[in-house]
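Next come the chains, spelled out residue by residue.
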Amino acid sequence: MTRYVVRRLLQAIPQLFIISVVLFVLANTMGDPLASFGGRRRIRSEDRARLRRRLGLDKPVMVQYVIWLVGNDWMQVDVDGDGVADQRGTRRGVLRGDFGTSFMEGRPVLEIIRERLGNTLLLMLTAEAVILIFSLAIGMYSALRQYSVLDYVFTTFSFVGYSMPIFWLALLLMYLFAVNFKRWGLPHFPTVGMYDLAKGKTVGQVLWHMALPVATISIMSIANYSRFVRSQMLEVINQDYIRTAHAKGLPKRMVVLEHALKNASLPLVTLVGLDLPLLVSGAVVTESIFAWPGMGRLFWDAAKDTDVPVLMGILLIISTLVVIFQIITDVAYTYLDPRIRYD
Amino acid sequence: MTATTRKIAWEAMEEQVERPPLTPGQLAWRRFRRHKMAMVGVGLLVAIILYVTLGPLIYSEDYANRTDLSVRLAPPSAAHPFGTDGTGRDILARTIYGGQISVLIGVLAVGVALTVGTLVGALSGYYGGAIDAVLMRFTEAMLNIPRLFLLILLAKFLGGKIPTFKTLGRTFSGSVVVIIGVIGMTSWMYLARIVRANFLSIKEQEFVTAARAIGSRDRTIILEHILPNSIAPIVVAATLGVAGAIISEAYVSFLGMGVQPPTATWGNMLDQAYSHLSTEPWMWFFPGILIVLTVLAINFVGDGLRDALDPRALAQSE
Amino acid sequence: MRRTWFYALLSMAVVAAFVLTACGPAETPVAEEPVEEPTEAPAEEPTEEPAEEPTEEPTEEPAAEPKIVTMTFFEEPDSLNTMYSGMWFAGLAIDIFNPGLWYFDDNLEPSLEMAAEFPTADNGLISEDGTTITVPLREEAQWSDGEPVTADDFIFTYEMILDPANTVQSTWPYDEYVESVEASDDHTLVLNFTEPFAPWATTIFQFVMPEHVLRPVFEEEGTLDNAAWNRTPEVVNGAFRVREWQSASHIIYEANDNYWRGRPVLDEIHILIVPDAEAQMAAIENGDTDIGIFLSYADVPVIEEMEDVELTTVLSGYNESWFFNLNTEENAADAGHPALQDVEVRQAIAYAVDFDAICEELLYGKTYPPSTKWEETPYDYPDANLYKYDPDMANQLLDEAGWVDSNDNGTRDKDGVELVLTYATTQGREVREQTQVIAQQYLQDVGIGIEIQNASYDVFWNSYGEGGPIATGQFDIAQWSDSPDFPDPNEDQWLCSEIPTEDEPEGNNWYGICDEELDEMVRAQAVEVDPNRRIELFHDIGRILTDNVYWLGVWHDNDLWTRNMRTQNIKISGADPFWNCFEWDVSE
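Residues numbered from 1 in each chain as written. Chains lettered and ligands numbered in written order. Predicted model: local features only at pLDDT ≥ 70, side-chain atom pairs only at ≥ 80, totals over all residues. Heavy atoms only, no water.

## Quick word on the overall build of chain A
Consideration 1: Counting secondary structure elements, chain A contains 12 helices and two strands.
Consideration 2: Reading the helices (α) and strands (β) of chain A from amino to carboxyl end gives α-α-α-β-β-α-α-α-α-α-α-α-α-α.
Consideration 3: Total accessible area computed for chain A in this model is approximately 14,000 Å², and 63% of it derives from carbon and sulfur atoms. (Helix = DSSP H or I, 4+ residues; strand = E, 2+ residues; numbered from the N terminus. Areas by Shrake-Rupley, 256 points an atom, 1.4 Å probe, with all protein chains shown as cover.)

## Here we look at the pairing of strand β10 (residues 250–255) of chain C
Residue and element names in this part refer to chain C.
Consideration 1: Counting buried residues along β10, six of its six residues qualify, which places the element largely inside the surrounding structure.
Consideration 2: Summarising the sheet, strand β9 (residues 240–246) and β10 pair through six bridges and their orientation is antiparallel. Across the sheet, residue Glu244 finds its bridge partner in β10, namely Ile252.
Consideration 3: Counted between consecutive antiparallel strands, the loop separating β9 from β10 contains three residues, among which Ala248 sits at a positive phi close to 65°.
Consideration 4: Sheet topology places β10 next to strand β11 (residues 268–273); five bridges connect them, and they run antiparallel. (Buried < 20%, exposed > 50% of the residue type's maximum accessible area, 1.4 Å probe, protein only. Pairing = 2+ DSSP bridges.)

## A look at the sheet that holds strand β8 (residues 188–193) of chain C
In a beta sheet, neighbouring strands pair by backbone hydrogen bonds and run either parallel or antiparallel.
All names here are of chain C.
Consideration 1: An order of β6-β8-β7 is seen for the three strands of this open sheet, with the pairing classed as antiparallel. Two strands close off the open sheet at either side, each with one partner strand: β6 (132–136) and β7 (178–185). Here the strands of the sheet are splayed against their neighbours by 20° on average, with no regard to which way each runs.
Consideration 2: Note: β7 against β8, six bridges, orientation antiparallel. If you follow Val181 over to β8, its bridge partner there is Leu191.
Consideration 3: Packed on one face of the sheet, helix α3 (residues 151–162) meets β7 and β8 and runs near 160° to β7. (Axes fitted to C-alpha atoms, helices over the stretch in contact; angles between N-to-C directions. Contact = heavy atoms within 4.5 Å.)

## Let's talk about the packing of aromatic side chains
Residue and element names in this part refer to chain C.
Consideration 1: Per the counting criterion, the structure on display carries 44 aromatic pairs over all chains.
Consideration 2: A ring pair is formed by Trp88 and Phe294, whose centres lie 5.4 Å apart and whose planes are at 50°; its orientation type is tilted. Of this pair, Trp88 sits in helix α2 (residues 88–95) while Phe294 sits in the loop between β12 (291–292) and α8 (300–305), and the two are 206 residues apart along the sequence.
Consideration 3: We note Arg138 situated over the ring of Trp260; from NZ or CZ to the ring centre the distance is 3.7 Å.
Consideration 4: Lying across the ring of Trp245, Arg231 places its NZ or CZ 3.7 Å from the centre. (Phe/Tyr/Trp six-rings, centres within 6.5 Å; stacked < 30°, edge-to-face > 60°. Lys NZ or Arg CZ within 6 Å of the ring centre and 35° of its normal.)

## A short note on the sheet that holds strand β14 (residues 319–324) of chain C
Residues and elements named next belong to chain C.
Consideration 1: Taken in spatial order, the five strands of this open sheet run β18-β17-β19-β14-β20, and their pairing is mixed. Edge strands, defined here as strands with exactly one partner in the open sheet, are β18 (449–452) and β20 (551–556). For this sheet, the mean inter-axis angle between neighbouring strands, taken without regard to orientation, is 30°.
Consideration 2: Relative to β18, strand β17 (residues 420–424) runs parallel, the two being bridged by four bridges. Within the sheet, the bridge partner assigned to Val420 lies in β18 and is Gly449.
Consideration 3: Packing against the sheet, helix α12 (residues 430–445) makes contact with β14, β17, β18, β19 (477–482) and β20, and its axis sits at approximately 160° to β18.

## Focus: the interface of chain B and chain C
Consideration 1: Of the residues lining the interface, 21 residues belong to chain B; the matching set on chain C comes to 21 residues.
Consideration 2: In this assembly, chain B packs against chain C so that about 1,900 Å² is buried in total across both faces, 49% of it on carbon and sulfur atoms.
Consideration 3: It is Leu69(B), Arg72(B) and Tyr274(B) in chain B that bury the most area against chain C; as a group they hold 28% of the surface buried on that side.
Consideration 4: Arg66(B) is the salt-bridge partner of Asp445(C), the closest N and O atoms lying 3.8 Å from each other.
Consideration 5: Linking chain B to chain C there are two residue pairs in polar contact (both at pLDDT 80 or more).
Consideration 6: For the side of chain B that touches chain C, the per-class residue count stands at seven nonpolar, 10 polar and four charged. (Buried area = accessible area lost by both parts, 1.4 Å probe. Salt bridge = Lys/Arg side-chain N within 4 Å of Asp/Glu carboxyl O. Polar contact = N/O pair within 3.5 Å; in protein donor to acceptor, adjacent residues only side chain to side chain. Nonpolar A, V, L, I, M, F, W, Y, C, P; charged D, E, K, R; others polar.)

## Some details on the pattern of salt bridges
All names here are of chain C.
Consideration 1: Per the counting criterion, the structure on display carries 29 salt bridges over all chains.
Consideration 2: Its salt-bridge partner being Glu491, residue Lys373 comes within 3.1 Å of it at the nearest N-O pair. Of this pair, Lys373 sits in the loop between α10 (355–361) and α11 (391–400) while Glu491 sits in the loop between β19 and α14 (516–527); the two residues are 118 residues apart in sequence, bridging distant segments of the chain.
Consideration 3: For Glu491, a relative accessible area of 8% gives the class buried.
Consideration 4: Among the ionic contacts, a cluster of salt bridges with common partners joins Arg241, Arg243, Glu254 and Glu268.

## Focus: the confidence of the model for chain A
Should the pLDDT be low somewhere, the predicted coordinates at that spot are not to be read in detail.
Consideration 1: Chain-level statistics for chain A give a pLDDT mean of 77 and a share of 81% at 70 or above.
Consideration 2: Confidence, expressed as mean pLDDT per element, reaches its minimum in chain A at helix α9 (residues 252–281) of chain A with 68 and its maximum at helix α3 (residues 61–70) of chain A with 87. (pLDDT = per-residue confidence, 0-100.)

## Examining the side chain of Asn268(B)
Consideration 1: Tracing the chain through its elements places Asn268(B) in helix α12 (residues 266–273).
Consideration 2: Apart from residues no more than four positions distant in its own chain, Asn268(B) is found in contact with Glu249(B), Ser253(B), Val259(B), Gln260(B), Pro261(B) and Thr263(B).

## A short note on the state of the cysteines
Residues and elements named next belong to chain C.
Consideration 1: If you walk through the whole model with that rule in mind, you get one disulfide over all chains.
Consideration 2: Here Cys496 engages in a disulfide with Cys514; their sulfurs sit 1.9 Å apart. Its torsion about the S-S bond being 105°, the disulfide of Cys496 and Cys514 is classed as right-handed. Of this pair, Cys496 sits in the loop between β19 and α14 while Cys514 sits in the loop between β19 and α14, placing them 18 residues apart in sequence.
Consideration 3: Judged by its relative accessible area of 23%, Cys496 is partly exposed. (Disulfide = S-S within 2.5 Å.)

## Notes on the packing of helix α6 (residues 129–144) of chain B against helix α8 (residues 174–202) of chain B
Residues and elements named next belong to chain B.
Consideration 1: The interhelical angle for the contact between α6 and α8, taken along N-to-C directions, is 135°, at an axis separation of 9 Å. Here α6 lies oblique to α8, going by the angle between them. The two elements α6 and α8 meet at a crossing, and its hand is left-handed. Across the interface between the two elements, Asp132, Met136, Phe138, Thr139, Glu140, Met142 and Leu143 from α6 touch Met185, Trp188, Met189, Tyr190, Ala192, Arg193 and Arg196 from α8.
Consideration 2: Class assignment for the residues of the contact of α6 with α8 results in nine nonpolar, one polar and four charged. (Parallel < 35°, antiparallel > 145°, perpendicular 65-115°, else oblique. Left-handed = near helix turned anticlockwise from the far one by under 90°.)

## Structural notes on the nonpolar core
Consideration 1: Ile289(A), Phe299(A) and Ile314(A) are the most contacted members of the largest nonpolar core, which has 130 residues in total.
Consideration 2: No other element matches the 11 residues that helix α5 (residues 91–127) of chain B contributes to this core.
Consideration 3: Apart from the residues within four sequence positions on either side, Phe299(A) is in contact with Leu311(A), Ile314(A), Leu315(A), Phe149(B), Ile152(B) and Leu153(B). (Core = buried A, V, L, I, M, F, W, Y, C linked by side-chain atoms within 4.5 Å.)

Have a look at this one:
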């Protein structure tokens, strides 16, 4: 087992390298970081040339990649544009933990990511918990009461929910529960932001503001996963050992919860486990619509502005987490299902 | 045996001879037909396809693009059953032409994904060894990048590089090609894995060994023996992939990186309706409902196909 | 099978803990962070410690409600230091706490801030030849920490802008036009220019940095790029100081008692970052924001229905315009369609499109086609030809120019060349996309074919050297909105010398216009010291631009702002929008 894990980790390293090169080239060539600098006016060409040089954009892409990776404090750079490289660089490179500075904000990338990460996790972990509970509940109910009215309702709901674009749902919910409820004089949810500035960042405020974004994200996934749980449960319920448990006279609830549910939820747990690193990326569109200051929005803003260091920072962190999580899940799976072995 | 038992046995044998066993294809079709939701899905899909292919006979493309400021933002009426948009164009006509493109994108994107995915999966599964290792590491590398991020990056990278072109009597924005490529390039990974898994299991079976023994070339074995037997999961994945591609197009267009106006797609019609959400709901309702219905129909059909082509079910006889 | 749950949760907890320990409290002491931990039980939401603002003390009598105005920004400022940011939203945020010599009020008159007097030729503060300007500084102005604002602060600012160690956005106009900046005493600033520089009032010292705070930082770090002051300026000279800036979420200002006019009326100003237009509309409607900024025309009908909200249009100097590609084969950029070389064709294009209808319908009559680029300013040429919609005239002019539909395909042609023009603008703005299809229809109706070829915002603006589509001439008609150095009318994009070439790809004259008379006028206005003579020059410039249709006005691009009726005294200026934030008030 340890050998397996070590082997996977070693394989992961060249993988991450390839990913980083591909993404770096893509990020650098997909747009012009300086275009967003000028605000409403065009930026003057002389200033452009100067900024290019300062940000290191005047070098070929592969050289920029190397600098990004290992830094440039071991070489001289030309700071003032006179063609003479006479000052030491200041970057230490990703391999030494320096993810560089954001083009747009001028602050270290890690600092920016750190600020947003907590907000996204708050949203996504809550959503994930809600998704798990509801998927299991609905899936179980549907499986146990197959073909009942509620089952059909749930099935239709999940199909429709799964067929909808998420931003659709987000706006629908916002207009219904935030704007229209207020118009009708009902207690209403807030529209945007993480909390009301006037009331401060209290638990109550954040929870209240979290409701609609979490609902949006959850509904989509519940639609998907509840079907999955249902089909898994159906499969499990028809198995012989369940029948044996019934025959042995075990109370129905015990049969369902202890045997059926736990077996059926195995694959679900795997799916959720693999989803976890993607939690970090946040829901790009949902965060934008509800103005939630998270990682998804950070990525979208960085992509729009071609803020390469931020983009690379986010992508690298997520890719690394995904790789690690795949390994964890695979290992965890051997504990969960003793029939599976690696060597 | 007694006389009665012999008679019963004989009659049973006769019955069997008169009613030959069904082929897997026919079995699958029977199971599919039984799946009520799948049949509803098929009906819905047929209706939608008729809508986008026969619609142009009633509404010409010029009519669909005709702007008329005097009737802009008009609610549904006899003259404009789906209302008009911000420049006075008829929404019904636009959904027809937009539907052509959305469906086209969905199908072609899956085509791209299918080609690449099957190629990678087949080579990987059949040859194994170093080829498998390299291809699978590459596939996993691509899978490690969150799909939406890759979509955004590729769309931005390729956007604007292809100019407008005319074909099949319509003018297409170059961004259509870009979107097809982008969605295709981000969806092939799952197919590759499925195909590879299939190949891995099938290639150990006896008929493959037999084919090799008689000296068939690798290519023949892959194309004529293994691939046809792994059709089932590929078909299901491809069908559901079309639904996913249509939603991806809506997503990317909503972010502003999809097909660029004035070419219409259901996705970018939703984007254009964004600032008219509560005041002109017909602008988002009709394209939105068409997306939902199409995707729903495809999901039903895919669900039915999955049940029908389930190998465990096929293994049992009728 | 309990292990199922255990391992699943263990994994989740491990990752959450790992990630969350990595996000410790933020470094800047003024900004803050939620710190929370998920619980182990399977079905609960993560709890969090209520993270109260550490410096939150009531700033006035506990009984009164603080007076707060809230506003929403589409984009987050990239920096709160003017020299590091070109963003318009950054400018708004900076208006609140960092005035320079003066602001321009809502009538575009100077409102003095750090300056005690406005230099003119009459009061002798501008020298005869126009190259020396003396600015007496306000003696009572001080920084929020009590230090007085002196000429040294301005000289320091000037030095920092030009110092190559600072990655500033732009060194203009200091590098080209300012010879030196001196202090004849603590409160008198002397600006020496290399030649008379007409736009000096709107471009020089629109902000100032505190020398006593930042010089030590510069000397220690060698640059101001990473100064904390750029993100959280604790020492300010404006009506408010920055209390907190939480990235992607909000900026909070609180009243500055040391402002030279005295403490402002409001206690706090809150800026919320809301990138989504729909979300901003909902916030305006709900009263979650008092000021709505930079709305789009499509929102107008919705806003007009809101009871407590007032819509204002603010002159900002921007005009949405059409520019034509008059490059010829001799220029480095791609030549425009040969038809465009003929002024009659351009006039026909102007007559063919009903811009008035576009403004009436698409823009809800909130604006109109401008007569020149200096519409609504004294520099506007009042007798400009407006090219009112006249398709018959358009057809006539095209016929006279020799462009007729000889092959009956619906599009005019001449000498075998079809009259099909490429029409380009930026992607992503609804009203532009709509204008494009409507204009396409109008032009099609007079036999001019149009191919729409848009580019995304960042690609569109690339310079010639970077292969930008407009700069390299890959258009025939291009549409965008720009302004001169508002409120100053200066612009140089019409000069022959600004046409980009292989050797000098920096030029702004992407249209290839080289008109001797125009050139002479544009050069003359840049050094003209007499304001009346300058106005006359701009009348001529406007006349040449419109008679020759070198430029065509689509709509006068005023900014749309909304104001909640509970606010008072908010007067938005097109030049310095928040110039009078010290007198803003709210009624409850």
